[in-house]
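# Secondary and tertiary structure notes
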Amino acid sequence: MENKQPKKGGSVSFSRVTAKQGAGASAQVGSGQVAANVHTYAAAEKMSQHTSTARKVKSGILKGLVYASGAIVCTVLLLIIGYIFARGIPGITAEFLTTQSSYVQDTIGILPNILNTLYIVLVAMAIVIPLGVCAAIYLNEYATNKKIVRLIGFAVETLTGIPSVIFGLVGMLFFIQMLGLQAGILAGGLTLVVMVLPTIISNTLESLKTVPNAYREGALALGSGKWHMIRTVVLPNSINGIITGCILAVGRIVGESAALLYTAGFGLILNSFMTALQSSSATLTVALYVYATERGEIDVAFSVATILMVLTLLLNIAANLSASKLGHKEK
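Report on the accompanying structure.

## Side note on the overall build of the protein chain
The helix and strand inventory of the protein chain stands at 13 helices and two strands. Looking at the protein chain as a whole, 33% of its 331 residues are labelled buried. Restricting the contact set of the protein chain to residue pairs at least 6 apart, pairs at least 24 apart contribute 74%. For the protein chain, the exposed area adds up to about 20,000 Å²; of that, 68% sits on carbon and sulfur atoms.

What follows is the structure in structure tokens.
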């Protein structure tokens, strides 16, 4: 028993020493690992700061290029508009806006051209709105044959890319020579219908697609018929997009000249609506071409361009307001 006591105490002392050594080794390992982590974190932070600085420099350069491009485009646009207004506004008078051109009295007026522009917008939109909206409704709501839908979509995209002078030549050959119509508002309006039809169809299709299917399913579940559902649920919720397409179509009609040179004619005489349908009637864009090239009246051409610019700006503003209103409604 006496011999076992020292051995037991020695074992306890040895275990304590071993524990202390293990704790010291663990502390050394832990401190070394912490130091390594701190070094790694410092290196990563330094690299991150370097990368962040490079990204900020690159972002600043790209932002500067974007702002510079926008400033250049806006400056060029303002210079063009300002130059046209500076040359055209002095020639705009009450007589210029309310009379017609006369060789006898040696006066120049664009009232017939303003009325012809309104006539051709009325004729074209009266035909293209129901045609384009009905075609879009068929493609989105009724069509089940995917091949036909793709074929019609391809035709619409093809019509969008055709130059306007080609429309004018085809309109002259088909509406005037084949159908026997006279060059005037009717032939020009029908030609413009073919031109702006893709715009109406595309905008109406996109607007119809924004209407949730839950609205349709809810209306049908309540016992509504297919057409009643479209008329009372789908169309009211897509009217803003349809209006936007109509405004864009009106803008293209007002600014079109190449197609109307072959189909509407060069007439500068004041006619009534029914007479203008079958007689040569120049719109504002055609009158601009006539005064600038054939008569050499550059100041008059700038005055007509000023009026056209104002109309175009107003139509673009209306289109942007309609589009923003549609976006707020969707949100």
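From this point, the discussion proceeds with the structure in view.
## A look at the packing of helix H3 (residues 111-142) against helix H8 (residues 226-237)
Close contact between H3 and H8 brings their axes to 12 Å; oriented N to C, the two are set at 110°. The orientation of H3 relative to H8 falls into the category roughly perpendicular. Handedness of the H3/H8 crossing: right-handed. On H8, the residues that touch Ile137, Glu141 and Tyr142 of H3 are Lys226, Trp227, Ile230, Val234 and Leu235. Taken together, the residues of the contact of H3 with H8 break down into six nonpolar, no polar and two charged.

## Quick notes on the pattern of salt bridges
Tallied over the full model, the rule gives two salt bridges. Asp299 is the partner of Arg87 in a salt bridge, and the nearest nitrogen-oxygen pair spans 3.3 Å. Taken as a pair, Arg87 in helix H1 (residues 4-88) and Asp299 in helix H13 (residues 298-330) lie far apart in primary sequence, 212 residues in all. One salt bridge in this structure joins Arg216 and Glu141, with 2.8 Å as the shortest N-O distance. Taken as a pair, Arg216 in helix H7 (residues 213-221) and Glu141 in helix H3 lie far apart in primary sequence, 75 residues in all. Residues Arg216 and Glu141 agree in their burial class; the two are buried.

## Quick notes on the packing of aromatic side chains
In total, this model carries three aromatic pairs according to the counting rule given. When the ring of Tyr119 is compared with that of Phe273, the centres are 5.3 Å apart and the planes differ by 75°; the resulting orientation is edge-to-face. Taken as a pair, Tyr119 in helix H3 and Phe273 in helix H11 (residues 273-277) lie far apart in primary sequence, 154 residues in all. Residue classification places Phe273 among the partly exposed positions, given a relative accessible area of 28%. Seen from the ring of Tyr142, Lys226 lies directly overhead, with NZ or CZ sitting 5.7 Å from the centre.

## Here's the deal with the environment of Ile239
Structurally, Ile239 is set in helix H9 (residues 239-255). Note: C-alpha distance between Ile239 and Leu208 (31 residues apart in sequence) is 8.9 Å.

## So, the nonpolar core
Counting 55 residues, the largest nonpolar core has Met125 and Ile253 as the members making the most contacts within it. Elements supplying a minimum of two residues to this core: H3, helix H6 (185-209), H8, H9, helix H10 (258-263), H11, helix H12 (284-294) and H13. The greatest single-element share of this core, amounting to 11 residues, is contributed by H3. Those residues in contact with Met125 that lie beyond four places of it in its chain are Pro130, Cys246, Ala249, Val250 and Ile253. Formed by five residues, the second largest nonpolar core is a distinct cluster that contains Ile81, Ile84, Ala305 and Met309.

Cut-offs used in this document
- The residue numbering used here restarts from 1 in each chain and proceeds along that chain's sequence as written.
- Local features in a predicted model are, by the rule used here, given only for residues with pLDDT of at least 70; side-chain atom pairs are given and counted only at 80 or more, and totals for whole chains, interfaces and linings are based on all residues.
- Here the side-chain values reflect all heavy atoms present in the structure, with hydrogen atoms and water set aside.
- Elements are defined by DSSP. Helices are runs of H or I of four residues or more, strands are runs of E of two residues or more, and each kind is numbered from the N terminus.
- Throughout, exposure labels follow a simple rule: accessible area from a 1.4 Å probe, protein chains only, divided by the maximum for the residue type, with under 20% read as buried, over 50% as exposed, and the rest as partly exposed.
- We call two residues contacting when some pair of their heavy atoms lies within 4.5 Å.
- Each accessible area is a Shrake-Rupley result for a 1.4 Å probe, and residues are judged covered by the shown protein chains and nothing else.
- Convention adopted: a line fitted to C-alpha atoms gives each axis, helices being fitted over their contacting stretch, and angles between N-to-C directions are expressed from 0 to 180 degrees.
- Each angle gets one of four labels, with under 35 degrees taken as roughly parallel, over 145 as roughly antiparallel, 65 to 115 as roughly perpendicular, and the rest as oblique.
- Should the near helix be turned anticlockwise from the far one by less than a right angle, the crossing is termed left-handed; should it be turned clockwise, right-handed.
- All residues other than Ala, Val, Leu, Ile, Met, Phe, Trp, Tyr, Cys, Pro, Asp, Glu, Lys and Arg, Gly among them, are scored as polar; the first ten of these are nonpolar and the last four charged.
- Think of a salt bridge as a Lys or Arg side-chain nitrogen and an Asp or Glu carboxyl oxygen that are within 4 Å of each other.
- Here the aromatic set is Phe, Tyr and Trp, taking the six-membered ring for Trp, and pairing holds for ring centres within 6.5 Å; pairs whose planes are under 30 degrees apart are stacked, those over 60 apart are edge-to-face, and all others are tilted.
- Charge-over-ring placement is defined geometrically: NZ (Lys) or CZ (Arg) within 6 Å of the ring centre, and within 35 degrees of the ring normal.
- As used in this record, nonpolar core signifies buried Ala, Val, Leu, Ile, Met, Phe, Trp, Tyr and Cys residues forming a set joined through side-chain atoms within 4.5 Å.

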